[in-house]
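# A structural walkthrough
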Amino acid sequence: MTSNKEIFKVTYPLVLTLVAQNIINVTDTAFLGRVSEVALGASAIAGVFFFAIYIIGFGFSQGVQILIGRRNGEKNYHLIGPIFNNGLIFTIFLSLLFFLAAYLGDRHIMKYLVSSEAIYKASLEYLDWRIYGFFFAFINVHFRGFFVGITQTRVLTVSAFITTIVNFILAYVMIFGKFGFPKMGIAGAA
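A quick note: this is a predicted structure, and the numbers were derived from the prediction, not measured.

What follows concerns the overall build of the protein. Each helix and strand in the protein was counted, giving seven helices and zero strands. Counted from the first residue to the last, the protein has its helices and strands arranged as α-α-α-α-α-α-α. C-alpha extents for the protein along the principal axes are approximately 55 × 30 × 30 Å. Looking at the 190 residues of the protein, the share that counts as buried comes to 38%. Put simply, 73% of the contacts in the protein that link residues at least 6 apart link residues at least 24 apart.

Under the 1.5 Å per step criterion, the end-to-end length of helix H3 (residues 80-113) is only 42 Å for 34 residues, more than 12% shorter than the ideal 50 Å. Taking the largest bend as the criterion, H3 deviates by roughly 65 degrees, centred on Gly105.

Residues other than glycine seldom take positive phi values, yet Thr151 does so here, at roughly 55 degrees. Counting through the fold element by element, Thr151 comes out in the loop between helix H5 (133-149) and helix H6 (154-176). Look at Thr151 and you get partly exposed, because its relative accessible area is 41%. In this structure, Phe179 is a non-glycine residue whose phi angle is positive, near 55 degrees. In this structure, Phe179 sits in the loop between H6 and helix H7 (186-189).

In this structure, Leu40 sits in helix H2 (residues 37-73). For the pair Leu40 and Ile139, spaced 99 residues apart in sequence, the C-alpha separation works out to 27 Å. Excluding its chain neighbours within four sequence positions, the residues that come into contact with Leu40 are Thr29, Leu32 and Gly33.

Let's shift gears to helix H4 (residues 117-130). Compared with the 20 Å implied by 1.5 Å per residue over 14 residues, the 20 Å span of H4 between its first and last C-alpha is a close match. Burial in H4 covers these residues: Ile119, Tyr120, Ala122, Ser123, Leu124, Tyr126 and Leu127. On the buried face of H4, the contacting elements are H2, H3 and H7.

Right, let's get into the nonpolar core. Met110, Leu127, Phe134, Phe138, Ile175 and Ile186 are the most contacted members of the largest nonpolar core, which totals 31 residues. Of all the secondary structure elements, the ones that give two or more residues to this core are helix H1 (4-33), H2, H3, H4, H5, H6 and H7. When residues of this core are assigned to their parent elements, the largest contribution, seven residues, is made by H2. If sequence neighbours within four positions are ignored, Phe138 has contacts with Ile53, Tyr54, Gly57, Thr91, Leu94, Ser95 and Phe98. Membership of the second largest hydrophobic core comes to eight residues, among which are Val64, Ile83, Phe146 and Ile150.

Moving on, we come to the confidence of the model for the protein. Mean pLDDT for the protein: 89, with 99% of residues reaching 70 or above. Per-element averaging of pLDDT across the protein places H7 at the bottom with 81 and H3 at the top with 94.

Turning to the layout of surface pockets, a few remarks are in order. There is about 1700 Å³ of room inside the largest pocket. Along the walls of the largest pocket sit 47 residues, with Gln21, Ile24, Asn25, Arg130 and Thr163 positioned nearest its centre. Those elements that provide at least two residues to the lining of the largest pocket are H1, H2, H4, H5, H6 and H7. The dominant element in the lining of the largest pocket, judged by the number of residues it contributes, is H6, at eleven residues. A breakdown of the residues in the lining of the largest pocket according to their chemical character gives 31 nonpolar, 13 polar and three charged.

Further remarks concern the pattern of salt bridges. Enumeration according to the criterion identifies five salt bridges in this entry. Of the charged contacts, one joins Arg70 and Glu74 as a salt bridge, the two residues approaching to 3.2 Å between their closest N and O atoms. For Glu74, a relative accessible area of 36% gives the class partly exposed. Across the pair Asp128 and Arg107 runs a salt bridge whose closest N-O atoms are separated by 3.4 Å. You can see Asp128 sitting in helix H4 and its partner Arg107 sitting in helix H3, a full 21 residues away along the chain. Residue classification places Asp128 among the partly exposed residues on the basis of a relative accessible area of 35%. A single salt-bridge network, built from bridges that share partners, covers Arg70, Arg71 and Glu74.

Analysis parameters
Residues numbered from 1 in each chain as written. Predicted model: local features only at pLDDT ≥ 70, side-chain atom pairs only at ≥ 80, totals over all residues. Heavy atoms only, no water. Helix = DSSP H or I, 4+ residues; strand = E, 2+ residues; numbered from the N terminus. Buried < 20%, exposed > 50% of the residue type's maximum accessible area, 1.4 Å probe, protein only. Contact = heavy atoms within 4.5 Å. Expected span 1.5 Å × (residues − 1). Bend = angle between axes of the 7 residues up to and from the residue. Core = buried A, V, L, I, M, F, W, Y, C linked by side-chain atoms within 4.5 Å. pLDDT = per-residue confidence, 0-100. 1 Å grid on protein atoms, 1.4 Å probe; cavity = no way out; pocket = protein on both sides within 12 Å on 5 of 7 lines; lining within 4 Å. Points joined across faces, edges and corners; volume = space filled by probe spheres on them. Nonpolar A, V, L, I, M, F, W, Y, C, P; charged D, E, K, R; others polar. Salt bridge = Lys/Arg side-chain N within 4 Å of Asp/Glu carboxyl O.

Below you can see the structure in the form of structure tokens.
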């Protein structure tokens, strides 16, 4: 029987990754709020657009996580590699597909979602950079599913900490143009 301590040991890193994501969102919101109301609104709308697509990749990673977890529980470790590799290939293909769809269609989609011309233009400026994140985000959740599936979630704690610190520094530097970087505003947040 699994103890509460063992369950907590596996789950607390998952909670920390969710907290880290919220800290990243609050940081970006705080910085963009100092840029302009248009930048803040555009990043919120474009961020929801990105997140809606990201959830598809996240859902796929949950399926991979379940399959890997099952093989791990059965102690069929040799079957984990093929699941991971096939899932990674599909994840990369999926991220490429969504990148191309967003690259070719985000202007049309955002036109229907936004009535303000200023927010429309700013959301496109944000998405012009943010859609490259599909590759990294999809691969990231794939690895997250792997580590949860093999119950080695401590690596997620380290990842969450590094991601939060790097985002804070890069957002500050790229949004406001500090330390020799160009002032990018909303594009810097992306």
